[in-house]
Amino acid sequence: MRVAVVADAHLGGPGGSGEELAEQLRALETGRCARVLFLGDLFHLWIGSRRFETAEVRRVVPVIRDLRRRGIRVSYVEGNRDFFLAGSEYDDLFDDYGLEVRFEAGGLTYLAVHGDGLNRHDWRYLCWRWLSKNPISRWLAFRLPAALGRRLVTSTERGLSGTNLERKSRIPEGAIRRYAARRLAEGHDVLLLGHFHAARKWSVGGGEVRIANAWYDDRELLWLG
């Protein structure tokens, strides 16, 4: 039984309308696929309230819900463009949700993390991430009029993305390797990352770091196992 990974689809942005991914998810067979892992940033912007729903969210969410109905486990790793999904109206979509998800495939233990917070030297980005995702930001986004709430989250997310210059210029391999060495030593075989939008593999100690390509780039599911 294999795991299908969707990393950085950015539907509503470069990933398009979502219809192509929806068709891929509908075609998954329960006899072949045990789990679908969304590795963050499924939508170009996803806020945990239906008053902010986009056409892409309305198109793909029922397909995800149907995966669980058919017995396929659904896991979601929070990305930098995912806001306030935990404890939201979308809770019933996921079997596992968090900043990281651990799972097994093909005899290997994977630790899946989006990857946006790994460079501890990128303090401007880390500050923006905290500002955009703290309880006060959540309270404002959910209680302001919808148009103002959407403007608040969108403007904050744009500022957040603009600070992450390390990602835009190069993949911070040194920071990733340091993080991987620590997390792989906890008993994981593979550290699986998204966020960087380019497929890479490195050996670290006795394990491996694997960066998944962005779905919007190749329009393909990544299969593990």
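Residues numbered from 1 in each chain as written. Predicted model: local features only at pLDDT ≥ 70, side-chain atom pairs only at ≥ 80, totals over all residues. Heavy atoms only, no water.

### Section: the environment of Trp215
With respect to the secondary-structure elements, Trp215 resides in helix H8 (residues 215–218). A relative accessible area of 1% places Trp215 in the buried class. On a C-alpha basis, the gap between Trp215 and Leu11 in space is 9.6 Å, while along the polypeptide they are 204 residues apart. Contacts of Trp215, omitting those with residues within four sequence positions, involve Val6, Ala7, Asp8, Ala9, Leu11, Gly15, Glu20, Leu21, Gln24, Glu220 and Leu221. (Helix = DSSP H or I, 4+ residues; strand = E, 2+ residues; numbered from the N terminus. Buried < 20%, exposed > 50% of the residue type's maximum accessible area, 1.4 Å probe, protein only. Contact = heavy atoms within 4.5 Å.)

### Some remarks on the packing of aromatic side chains
One pass over the full model with this rule turns up ten aromatic pairs. Aromatic side chains Trp46 and Tyr76 sit 5.6 Å apart centroid to centroid with 75° between the ring planes, which places their arrangement in the edge-to-face category. Taken together, the residues span a long stretch of sequence, with Trp46 in strand E3 (residues 46–47) and Tyr76 in strand E4 (residues 73–77) at a distance of 30 residues. The burial state of Trp46 is the same as that of Tyr76; both residues are buried. Taking the centre distance of 5.1 Å and the plane angle of 5° together, the rings of Phe103 and Tyr110 count as stacked. Positioned above the aromatic ring of Trp223, the side-chain terminus of Arg32 is 5.2 Å from the ring centre. Taking the ring centre of Tyr90 as reference, the NZ or CZ of Arg50 above it sits at 5.4 Å. (Phe/Tyr/Trp six-rings, centres within 6.5 Å; stacked < 30°, edge-to-face > 60°. Lys NZ or Arg CZ within 6 Å of the ring centre and 35° of its normal.)

### A short note on the sheet that holds strand E6 (residues 96–98)
What links the strands of a sheet is backbone hydrogen bonding, and the strands pair in either a parallel or an antiparallel sense. The strand order E6-E4-E2-E1-E12 describes an open sheet built from five strands, whose pairing is mixed. Of all strands in the sheet, those with a lone pairing partner are E6 and strand E12 (222–224), marking the two edges. Between one strand and the next, the sheet's axes are offset by a mean angle of 20°, whatever the strand orientation. (Pairing = 2+ DSSP bridges. Axes fitted to C-alpha atoms, helices over the stretch in contact; angles between N-to-C directions.)

What is shown is where atoms sit, not what they do.
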